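# Secondary and tertiary structure notes
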Amino acid sequence: MKLYGALLSPFVRKAAVVLAEKGLEYTAARGGPGSTDPEFLAVSPFAKIPVLDDDGFILPDSTAIVVYLDAQYPDPSLIPADPKARGQAMWFDEFGDTIFAVSGLKILFNRLVGPKLLGKPGDEALALEGEAELPRIFEYIESVAPEAGWLVGNAFSIADITVASMLCTLAYVGYGPNAAAYPKTAAWHARVTARSSWNAVAGREAALMRRILPDHAAG
Ligand SMILES: N[C@@H](CCC(=O)N[C@@H](CS)C(=O)NCC(=O)O)C(=O)O
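A brief structural summary. (Residues numbered from 1 in each chain as written. Predicted model: local features only at pLDDT ≥ 70, side-chain atom pairs only at ≥ 80, totals over all residues. Heavy atoms only, no water.)

Time to look at the overall build of the chain. Scanning the chain from N- to C-terminus turns up 8 helices and 4 strands. The globule rule puts the C-alpha radius of gyration for 219 residues at 17 Å, and the 17 Å found for the chain is close to it. When its C-alpha atoms are laid out on the principal axes, the chain stretches across 45 × 40 × 25 Å. Looking at the chain residue by residue over its 219 residues, the buried ones come to 48%. (Helix = DSSP H or I, 4+ residues; strand = E, 2+ residues; numbered from the N terminus. Rg over C-alpha atoms; globule rule 2.2 N^0.38 Å. Buried < 20%, exposed > 50% of the residue type's maximum accessible area, 1.4 Å probe, protein only.)

Listed below in structure tokens is the structure:
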């Protein structure tokens, strides 16, 4: 199994945590914004990360990857079977990828990835736009964060992984779940990041970040 893309990406981290939850070993392969690596460009139709290669079966997109992995390697299941819980889990995944990440990545790309990794000036107006969008998103997460346990039903799922992964990425640009303002979010996020799967991925991520961005601690 191979996973293309750097763990700084919330989408790559999501796929990596799912692999770790399922006890699946993988090799990290290079790829990402600005990459000209022919191996990566051959597997990623739109040059986006992550891409999974499972013994020659190539699949882009974090959600597609999780759906595939959960069907192919069902233990433990990370997409609930109950229809309502399944719908809710996919909503949180969609929210994480297309609402939270869209705002958060405006900050990440314009303050960190562009200027510090790709040598491209960031667009500060876009970063400020992302910042202005965050409070509404944080308030929403606080309104759905459970007092105990997980976002959907009583099982850890793709919902927790996707939303927590974006929070981890935001830590690189100085945003964390502030416990004073968002106590339920902070406590839930701490439960997610205490899992052994999360710790395994965080260890790999810290090693990668020490190499590519020595001034930034892993989120
Ligand atoms: N919906 C995709 C989003 C993937 C994505 O946009 N990844 C970013 C990195 S965080 C990327 O590769 N951007 C490069 C580009 O858009 O050129 C997923 O869930 O995998």
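A word on unusual backbone geometry. For the bond from I49 to P50, the omega torsion is 5 degrees, close enough to zero to count as cis. The residue after D75, namely P76, is reached through a cis peptide bond having omega -5 degrees. Residue placement: P76 occurs in the loop between α3 (62-72) and α4 (83-118). Notably, A47 is not glycine yet its phi reads approximately 55 degrees, a positive angle. Among the structural elements, A47 can be located in the loop between α2 (38-43) and β3 (51-54). The exposure class of A47 is partly exposed, given its relative accessible area of 32%. Although it is not a glycine, D55 sits at a positive phi angle of roughly 55 degrees. Relative to the assigned elements, D55 resides in the loop between β3 and β4 (57-60).

These results come straight from atomic positions and should not be treated as a statement about function.
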